[in-house]
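This is what each chain is made of:
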Amino acid sequence: MLEALGLTIAHRLHEVTVQLRSGRVTAIVGPNGAGKSTLLAALAGLIQPTSGAVTLTSHPLTQLPPQERARRIGYLPQSGEVAWNLAVRTLVGLGRLPHRTDAAENYAAVADAIATMQLEPLADRALSTLSGGERARALLARVLATRPQWILADEPLAALDLAHQQALIRRLRDLAQEGRGVVLVVHDLALAMNHADHVLVLDRGRLIAQGPPQDALSENVIAKVWNLNASWLGQPGHKALAL
Amino acid sequence: MTRNPTAILLAALALAFPLSLFAGQVWIDPFGPPVPNATAILMELRLPRALLALILGSGLGAAGAAMQGYLRNPLADPGLFGIAPAAALGAVLSFYTGYESQALTLPLFALVGAAGAMTLLALIAGRSGGIALFTLAGMMIASLAGALTSLAISLSPNPFALSEIVTWLMGALADRGWHEVRLAAPLTLLGLFALWRAAPALDALALGEAAARSLGVDPARLLGLMVVAIGLIVGSGVAVAGMIGFVGLMVPHFVRPFTDQRPSATLLPSALAGALLLLVADCLCRILPLQGGELRLGIALSLAGAPFFLRLLLKLRRELA
């Protein structure tokens, strides 16, 4: 369980308390400036809280050695920048940095991550030759290579077209089914409604709603947070938002 | 394209090192007639000089590769931290005080200058570990040290000191001996060791600062390692040879295409290529027929380096366009 208890970060988050369970996909949604990325980075242990705490199985993250924390929580920032024109396999290999394991185990973990993201045909290609969707998969494979219990990704679907979004969210769902905790910042409310098990709605640094998507993303919440009169159409799992 | 340039560079060094010993104003042909004082020339002049080229070149090459990794910028150079100009200022002050005749004073002054710059850097940017702040602090120190050096030159007590200062600032390996080898070797080795410790963190940094921290990198520790490493390598280099630029900028570009591009993978090849570059460049300086003595190594490398830098800029501009 990854928990935030009264988490406050000056000017960005205010008294956020959430309990995230592994084995499911949690989506963090909210308007621009709501504090989604801040919450995700704080859950990854990358931001020192002003008050409150983030705990992993009841241990405060700040007390975990950085390498230990890195082995348990994988984090994919929004920027997706990579400074050098690495080959896919080299990039994915960076995910092994927190581990002090032998070459064979590292190789297996990298091969696994590449297979999970269906990147085998691209493994030796340089990043500059990949399309946006391939690059997003390669970046996520880097996180998987660490074999973390938790996967925290900041808008991993943002730059992708619909088909690639669907493919990637299915991969992430599979990972959650295997027992990992998956936490995503997403902008697309329909994506959160149809694919997340649990949704956190943030607005101006405060937690407005949390729960199963149909509750947390009710039309009332959308009206209150986004100032939009919207209604959900369609069947569960295939809902669309009509404005 | 080979994936491992290390073996080729080692072979080239093994070939170039003995050859460099034979070249100079007095050519020594191991199979020819005996040259008077050949042993003295080899042991007291050429061997320490060649060793210094290897030490300084390897240090500067690896430092350049590490700086480019640390700043995630292929145009970065060890000089960006302002440590070289600060070391030069220290050395110039030793001329100014007229103590340079004592063999130890000049390098000591230079090392004090380098240490001063390192302390200042740590004080300004240390706690946050932010890379942008750090680079700006380095540039500020570089321009301050440059201004103070100019001041020291303009207030020079006599024309002789002035010419000494100006000549010395144009780095060279001429007339260096075992004394300089003993000073530079341990400091450079320590610096290389610090870079080796920093290497995995430099790889993680390729993904950006946030991702690097999520992979367990401690930015403050990395910054400390970088300051110590660059300070030791550049400080000891300036202390024994004056200002030698462009090695750290150029060398990583030669070797990077032959590696998998991770900063850690470029460290060792850059060290070897830097050693080779300095060895060959110093050799060429020695044998070029030039009126009024030999070409200064610092000038030669700047003459070669500036066009290289320009070409690099144009190439990057094309890639960005």
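No experiment lies behind these values; they were computed from the predicted model shown.

A.B. asks: Please explain the pattern of salt bridges as it appears in this structure.
C.D. replies: A side chain of one charge can pair with a side chain of the opposite charge when the charged atoms of the two come close. For the coordinates displayed, the defined rule picks out 15 salt bridges over all chains. The salt bridge partner of Arg173 of chain A is Asp197 of chain A, with a shortest N-O separation of 3.2 Å. With Arg173 of chain A in helix H6 (residues 162-177) and Asp197 of chain A in the loop between helix H7 (189-195) and strand S9 (198-203), this pair connects stretches of sequence that are 24 residues apart. Residue class for Asp197 of chain A comes out partly exposed when judged on its relative accessible area of 28%. In this structure, the salt-bridge partner of Asp203 of chain A is Arg204 of chain A, at a minimum N-O distance of 3.5 Å. Note on Asp203 of chain A: relative accessible area 11%, which makes it buried. Its relative accessible area of 69% is what places Arg204 of chain A among the exposed residues. The network of salt bridges with shared partners includes Arg49, Asp282, Arg286 and Glu294 of chain B.

A.B. asks: Would you explain the packing of aromatic side chains in this entry?
C.D. replies: Geometrically, a pair of aromatic rings is defined through the distance of the ring centres and the angle of the planes. Residue and element names in this part refer to chain B. This structure, assessed with the given rule, holds two aromatic pairs over all chains. Taken together, a centroid distance of 5.8 Å and an interplanar angle of 35 degrees make the contact between Phe193 and Trp196 tilted. On the criterion of helical spacing, the pair formed by Phe193 and Trp196 is a turn pair, its members being three residues apart in helix H7 (residues 178-205). Taking the relative accessible area as the measure of exposure, Phe193 reaches 47% and is therefore partly exposed.

A.B. asks: Hey, could you run me through the UniProt feature "domain: ABC transporter" (unreviewed entry) in chain A in this one?
C.D. replies: The residues that UniProt annotates with the feature "domain: ABC transporter" (unreviewed entry) are residues 2-229 of chain A. In residues 2-229 of chain A, helix accounts for 37% and strand for 24%; the two terminal C-alpha atoms are 34 Å from one another.

A.B. asks: How should I be thinking about the UniProt feature "transmembrane region" (unreviewed entry) in chain B in this particular structure?
C.D. replies: All names here are of chain B. Within this numbering scheme, the UniProt entry marks residues 47-67, 79-99, 105-124, 131-153, 222-255, 267-289 and 295-314 as carrying the feature "transmembrane region" (unreviewed entry). The span residues 131-153 is 100% helical and 0% strand by assignment, and the distance between its end C-alpha atoms comes to 33 Å. Between the end C-alpha atoms of residues 267-289 there is a gap of 35 Å, over a span that is 91% helix and 0% strand.

A.B. asks: Please clarify how helix H3 (residues 83-96) of chain B should be interpreted in this entry.
C.D. replies: Think of an α-helix as 3.6 residues a turn; residues three or four steps apart then line up on the same face. Residues and elements named next belong to chain B. Its 14 residues place the ends of H3 20 Å apart at the C-alpha level, agreeing with the 20 Å of an ideal helix rising 1.5 Å per residue. Of all 14 residues in H3, twelve are buried; the element is thus mostly enclosed. Those residues of H3 lying buried are Ile83, Ala84, Pro85, Ala86, Ala87, Ala88, Leu89, Gly90, Ala91, Val92, Ser94 and Phe95.

Criteria and thresholds
- Residues numbered from 1 in each chain as written.
- Chains lettered and ligands numbered in written order.
- Predicted model: local features only at pLDDT ≥ 70, side-chain atom pairs only at ≥ 80, totals over all residues.
- Heavy atoms only, no water.
- Salt bridge = Lys/Arg side-chain N within 4 Å of Asp/Glu carboxyl O.
- Helix = DSSP H or I, 4+ residues; strand = E, 2+ residues; numbered from the N terminus.
- Buried < 20%, exposed > 50% of the residue type's maximum accessible area, 1.4 Å probe, protein only.
- Phe/Tyr/Trp six-rings, centres within 6.5 Å; stacked < 30°, edge-to-face > 60°.
- UniProt positions renumbered as here; feature names shortened; annotations may be inferred.
- Expected span 1.5 Å × (residues − 1).

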